[in-house]
Amino acid sequence: MRLKDFLNESYTAYHAAANVCRYLDENGFVRLTLGEKWNLSLNGKYYITRNGSSVIAFKIGKNKVFNICESHTDSPSLKIKGGRIVEGDLKRLNVEQYGGGLLYSFLDRPLKIAGRILTETPDGLKQELVVSDYNVVIPSLAIHHNPNANSNLSLNPQTDMLPIWSQNETDLYGSLTDEKVIDADLYVVPDCRSFESGAKGEFLSSSRLDNLTSVYSSVTALVNCSASDIAVAACLDNEEIGSGTRQGSPEFISQALTAICCALNMNETEVLSAKENGLVLSVDNGHAFHPAHNEKADPVNKTSLNGGVVIKRHPNYATDGLSAAVLKKLLQTNNVKYQEYFNRSDVRCGSTLGLVTSKTLGMKTCDIGIAMLAMHSACETCGARDVDVMTKCLTAFLSSEIYLNENDLKVK
């Protein structure tokens, strides 16, 4: 799986999950189903899915300890509200915000319609992934009609962010499939191909870097690791809207761990030990220092592009001194470059899966990511070398033997 192809082809969480599953299949992972009896073997490779938008994959090592890295498959976009078109001389798609995207970055650029449709067949409903073979655009208001746009731009999602879809057509679903559509989950997403930027190609620019670079690193690391413990890569949907769904909540991870423990005939004490002695890495990109906005950065701690793995520190994150120390020791042992992020105290900080995962699983957790600029823009930028560094970090983590009894901390 090539990073650029993965970024370019994973228009939605459904496409990202499908691409992850294809990669796992190619590397000998066996697909399982929750609720069915599992027969797991030492060194076995397995995965499960939910809703077609979340994937949890794992390898069985000799030690009954969980090493988990989690990331999310969704990115900010515009979600289409049903299949009806806003009528007028120029027919527009009726959309709403999905996640906290930088709305202005979606203007005047090529966009695709993508997602899943559910069609009627003689055997019942069928799910199908779709991507429009055409582009749509959201035109901005000309400077002549909005002379204060460069100093005071304000966008209304219901009036300013509706993509122009057609001049004469009225059947949205018919432009995507010949089948009878019963319902759909469709999004308007950036059609921005990944590209190197910078004088020497030092940077990577693309849509959906947040958080598909983390998904890519997690799954690649799992495929390449030599698991001594039970190595898990969880790629969940809906983090951008609060992780409150059955496919987005860390409860899905909890259910997967329960199924693994049952299949391995672990007793209650062994289950508690597997979680208590393990570690979760919540992998979600962080902010790099923006050269034009020193006032948004902590005065002492500044993260940089191509600066290595970012250990994220804030009350909104699950990182504490213990989980950070364990990770630092692992990174130092494996010669992996890292840096630390502290939010400026008077600037709002985002959140990740980390805190809710730590609470749900009762496991030590550390929030990490790679540094990036223009987070939640239609075109984001990170260091071109940092994805490989993160993959090296996660490969070392999933290959390690961890025993984190608080009176006897061991990592090797």
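Only a predicted model underlies this, so the values are computations on that prediction, with no experimental measurement involved.

**Focus: the overall build of the protein chain**
Each helix and strand in the protein chain was counted, giving eight helices and 22 strands. Since a compact globule built from 412 residues should have a radius of gyration of about 22 Å, the 22 Å found for the protein chain is in line with a globular shape. Along the first, second and third principal axes, the C-alpha set of the protein chain runs to 70 × 60 × 35 Å. Here the protein chain holds 412 residues, and the buried ones make up 54% of them.

**Observations regarding helix α3 (residues 209–224)**
The first and last C-alpha atoms of α3 sit 22 Å apart over 16 residues, in line with the 22 Å expected at 1.5 Å per residue. Taking burial as the measure, the 16 residues of α3 include 15 buried ones, the bulk of the element.

**Describing helix α8 (residues 386–399)**
Taking 1.5 Å per residue as the helical rise, α8 with its 14 residues ought to reach 20 Å, and the 20 Å between its terminal C-alpha atoms agrees with that figure. Along α8, the residues classified as buried are Asp386, Val387, Met390, Thr391, Cys393, Leu394, Thr395, Ala396, Phe397 and Leu398.

**Here's the deal with the pattern of salt bridges**
All told, the structure shown has 12 salt bridges when counted by the stated rule. A salt bridge links Lys79 to Asp185; the shortest N-O distance between them is 3.7 Å. Here the residue Lys79 occupies a position in strand β5 (residues 77–86), and Asp185 occupies one in strand β10 (residues 181–190), the gap between them amounting to 106 residues. Residue class for Lys79 comes out partly exposed when judged on its relative accessible area of 23%. Exposure remark for Asp185: the relative accessible area of 16% places this residue in the buried category. One salt bridge connects Lys91 with Glu87, and the closest N-O pair in it is separated by 3.7 Å. Residue classification places Glu87 among the exposed positions, given a relative accessible area of 53%.

**Description of the packing of aromatic side chains**
One pass over the structure, following the stated rule, counts four aromatic pairs. Ring plane angle 25° and centroid distance 5.9 Å describe the contact between Trp38 and Phe58, whose orientation is recorded as stacked. Taken together, the residues Trp38 in the loop between β1 (30–31) and β2 (45–50) and Phe58 in strand β3 (residues 54–59) connect sequence positions 20 residues apart. Overall, Phe58 belongs to the buried group, its relative accessible area being 0%. Positioned over the ring face of Phe289 is Lys302, at 5.7 Å from the centre of the ring.

**Overview of the side chain of Thr357**
Tracing the backbone shows Thr357 in helix α7 (residues 354–361). Apart from the residues within four sequence positions on either side, Thr357 is in contact with Glu70, Pro250, Val280 and Gly362.

**Things to note about the layout of surface pockets**
The space that makes up the largest pocket amounts to roughly 1,000 Å³. Of the residues contributing to the lining of the largest pocket, the split by class is 16 nonpolar, 16 polar and nine charged. Its boundaries defined by the atoms lining it, the second largest pocket holds a volume of some 290 Å³. As for the second largest pocket, its lining consists of 16 residues, of which Pro139, Ser140, Leu141, Leu155 and Asp160 are closest to the centre.

**Section: the sheet that holds strand β15 (residues 286–287)**
One open sheet accounts for five strands, arranged β11-β12-β20-β19-β15; its pairing is mixed. Of all strands in the sheet, those with a lone pairing partner are β11 (195–197) and β15, marking the two edges. Sheet topology places β11 next to strand β12 (residues 203–206); three bridges connect them, and they run antiparallel. If you follow Phe195 over to β12, its bridge partner there is Ser205.

**Quick notes on unusual backbone geometry**
A cis amide bond links Asp210 with the next residue in sequence, Asn211, at an omega value of 15°. Within the element layout of this structure, Asn211 appears in helix α3. The phi dihedral of Asn51 falls on the positive side, at around 65°, and the residue is not glycine. Positionally, Asn51 belongs in the loop between β2 and β3. Of note, the phi angle at Ser243 is positive, near 60°, even though the residue is not glycine. As for its position among the elements, Ser243 is in the loop between β13 (230–236) and α4 (251–263). A relative accessible area of 10% means that Ser243 is categorised as buried.

**Description of the sheet that holds strand β18 (residues 364–369)**
In a beta sheet, neighbouring strands are held together by backbone hydrogen bonds and run either parallel or antiparallel to one another. An order of β1-β2-β3-β13-β4-β14-β18-β16-β17 is seen for the nine strands of this open sheet, with the pairing classed as mixed. Whereas interior strands pair on both sides, the edge strands pair on one side only; in this sheet they are β1 and β17 (338–342).

**Side note on the environment of Gln255**
Secondary-structure assignment places Gln255 in helix α4. Exposure remark for Gln255: the relative accessible area of 30% places this residue in the partly exposed category. Taking the C-alpha atoms as reference points, Gln255 and Lys91, separated by 164 residues in sequence, lie 45 Å from one another.

**As for the pairing of strand β14 (residues 279–283)**
Across the five residues of β14, five count as buried, placing the element largely inside the fold. Side chains of β14 alternate between two faces, with Leu279, Leu281 and Val283 and Val280 and Ser282 buried alike. Relative to β14, strand β4 (residues 66–72) is paired through four bridges, and the arrangement is parallel. Across the sheet, the residue bridging to Cys69 is Leu281, located in β14. Across five bridges, the pairing between β14 and β18 is parallel. Residue pairing for β18: Val283 is matched across the bridge by Ile368.

What counts and how
- Residues numbered from 1 in each chain as written.
- Predicted model: local features only at pLDDT ≥ 70, side-chain atom pairs only at ≥ 80, totals over all residues.
- Heavy atoms only, no water.
- Helix = DSSP H or I, 4+ residues; strand = E, 2+ residues; numbered from the N terminus.
- Rg over C-alpha atoms; globule rule 2.2 N^0.38 Å.
- Buried < 20%, exposed > 50% of the residue type's maximum accessible area, 1.4 Å probe, protein only.
- Expected span 1.5 Å × (residues − 1).
- Salt bridge = Lys/Arg side-chain N within 4 Å of Asp/Glu carboxyl O.
- Phe/Tyr/Trp six-rings, centres within 6.5 Å; stacked < 30°, edge-to-face > 60°.
- Lys NZ or Arg CZ within 6 Å of the ring centre and 35° of its normal.
- Contact = heavy atoms within 4.5 Å.
- 1 Å grid on protein atoms, 1.4 Å probe; cavity = no way out; pocket = protein on both sides within 12 Å on 5 of 7 lines; lining within 4 Å.
- Points joined across faces, edges and corners; volume = space filled by probe spheres on them.
- Nonpolar A, V, L, I, M, F, W, Y, C, P; charged D, E, K, R; others polar.
- Pairing = 2+ DSSP bridges.

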